[in-house]
Amino acid sequence: MMHPDPRTTTTTTSTTSTAATSMINAASDALPPTPLSTSVPCAAGKVAKPSSSAPARKKATPKEIWLRADNVEKMVRAAVSFEQDIWTGAVIAELYKDLESVKKASESDTNVQSVWNTFYKKWESALLPLKEFVDRKRKDLEGQNEAEERARLNKQKMAEGLESKKNEIAAKKKEQEALAQKHKQEMAALAKAHRNHFNDPKALEAIVSENPTLCTAVVEGTDTMAFGISSVGNHHLQAFFRDKEGIIRCTKAAEVHAKVLEPLRATLAGIQKVEDWEVYVCAEVDAAVQLLLRGVPLRRIKTYATDFDLKYKPPCAHCYQWVTEI
Ligand SMILES: [Zn+2]
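Quick caveat, the model's predicted, so the values are computed rather than measured.

For helix α7 (residues 258-269), built from twelve residues, the straight-helix expectation of 16 Å at 1.5 Å per residue is missed by more than 12%, its first-to-last C-alpha distance being only 14 Å. Residues of α7 that are buried: Leu261, Leu264, Arg265 and Leu268. Taken end-on, α7 shows its buried residues confined to a sector of 110°, consistent with a single buried face. Away from its buried face by more than 90 degrees, α7 exposes Lys259 and Ala266.

Following this line, the structure appears as structure tokens:
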């Protein structure tokens, strides 16, 4: 379909004042509405002179008309910059020429309103699709800018999220370092207590084993501790033995404490005997028994064991199955 040639397009008064006017109003910066007639039709169909109270539209000043022409020109230039293909170059050139005439008339202050009306009648319908095109392009551009802004904000949020994650990790690391430091201090204090206790010749005088394990059991988070020594003969209380059927039971001496010792007895009964010695002769058992008798639950007991030289010793294959080390 061919685009309408503005030079041959005719417009009726009714289309100008209804649908076209609303579109023109929407595009008011470029296409101001035509001035109202200074006469109004009366009920009898005769034309009455406007009374002083009738809202007669003010006649546009030459400056206002110059601005209208300028707005039209700006809109057409915008359409060209958006690479419009609605008008041919020749039509645009003609419009510019007509606009120049309007501007010139408004500067020389001749009958400028009539010049504008003529211009407007000639170009109005041809300008509408151009105006719609420009509006659409501007809206697209706005949408594009908004999308870019959204993308930028998302990127910023991601960066902030990354930053907060980094901070979180750093805080966690710091916390872990503080805990490790605290643990180190606790271990040092414990090792000192362990050394002080087992350096006392009295603590070791009854030892019959050639290579005893010395264990300190502590109650987690408290200063409560007990010191244990391996080998049956040196236990503070020989609590357990294995009967003929191979079942671990409380000794006669420990029978009175059977109820509080039961969790440990059951634990030891459940571990696999893999070393040359019995599962209940270790220093860890001795220390744990002492704490159980003081009312400490088994699950809160932690151990730290050394050889006779007071150097840390990892749990044997039996103790490995049940102790919790500090
Ligand atoms: Zn052991």
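Now, onward.
Taking burial as the measure, the five residues of strand β4 (residues 225-229) include four buried ones, the bulk of the element. Across five bridges, strand β3 (residues 214-219) lies against β4 in antiparallel orientation. Residue pairing for β4: Leu214 is matched across the bridge by Ile229. Once β3 ends, the chain turns through five residues before running back antiparallel as β4, passing Gly221 with a positive phi of about 75°.

For sheets, the rule is that strands pair by backbone hydrogen bonds, running either parallel or antiparallel. Taken in spatial order, the three strands make up an open sheet running β4-β3-β7, and their pairing is antiparallel. Across the chains shown, the open sheet's two edge strands, defined by having one partner strand only, are β4 and β7 (301-306). Ignoring strand direction, the axes of neighbouring strands in this sheet form an average angle of 25°. Across the sheet, helix α5 (residues 112-199) touches β3, β4 and β7, and the angle it forms with β3 is around 130°.

Positive phi, normally seen in glycine, also occurs at Glu83, with a value near 60°. The topology assignment puts Glu83 in the loop between α3 (62-81) and α4 (89-108). The backbone of Leu310 sits at a positive phi, close to 70°, despite the residue not being glycine. Looking at the element boundaries, Leu310 is found in the segment after β7.

What follows deals with the packing of α4 against α5. Relative orientation of the contacting elements α4 and α5 amounts to 165°, with a least axis distance of 9 Å. Put simply, α4 runs roughly antiparallel to α5. As for how α4 packs across α5, the hand of that crossing is left-handed. Between α4, through Leu95, Asp98, Ser101, Val102, Ala105 and Ser106, and α5, the contact on the second element is made entirely by Val112, Val115, Trp116, Phe119 and Trp123.

Two elements in contact, α3 and α4, have axes separated by 8 Å at closest approach and are oriented at 160°. As the angle between them shows, α3 and α4 are arranged roughly antiparallel. Our pair here, α3 against α4, has a crossing hand that is left-handed. Listed contacts from α4 to Pro62, Lys63, Ile65, Trp66, Ala69, Val72, Glu73, Val76 and Val80 of α3 are Ile92, Leu95, Leu99, Val102, Lys103 and Ser106.

A few words now on the confidence of the model for the chain. Looking at the chain as a whole, the pLDDT averages 82, with 78% of positions reaching at least 70. Within the chain, α7 carries the highest mean pLDDT (96), whereas helix α2 (residues 19-26) carries the lowest (39). Predicted confidence for residues 4-30 stays below pLDDT 50, and this span has 31 contacts to residues more than four positions away or in other chains. A low-confidence stretch, residues 32-52 (pLDDT under 50), is modelled with 21 contacts involving residues beyond four sequence positions or located in other chains.

A word on α4. The terminal C-alpha atoms of α4 lie 29 Å apart, and with 20 residues this matches the ideal 28 Å at 1.5 Å per residue to within 8%. Within α4, the full set of buried residues consists of Leu95, Val102, Lys103, Ala105 and Ser106. The buried side chains of α4 occupy one side of the element, clustering within an arc of 160° when seen end-on. Counted as exposed and oriented over 90 degrees from the buried face of α4: Gly89, Ala90, Ala93, Lys97, Glu100, Glu107 and Ser108.

Criteria and thresholds
Residues numbered from 1 in each chain as written. Predicted model: local features only at pLDDT ≥ 70, side-chain atom pairs only at ≥ 80, totals over all residues. Helix = DSSP H or I, 4+ residues; strand = E, 2+ residues; numbered from the N terminus. Expected span 1.5 Å × (residues − 1). Buried ≥ 20, exposed ≤ 12 C-beta atoms within 10 Å, placed from the backbone. Arc of directions from axis to C-beta. Pairing = 2+ DSSP bridges. Axes fitted to C-alpha atoms, helices over the stretch in contact; angles between N-to-C directions. Contact = placed C-beta atoms within 7 Å. Parallel < 35°, antiparallel > 145°, perpendicular 65-115°, else oblique. Left-handed = near helix turned anticlockwise from the far one by under 90°. pLDDT = per-residue confidence, 0-100.

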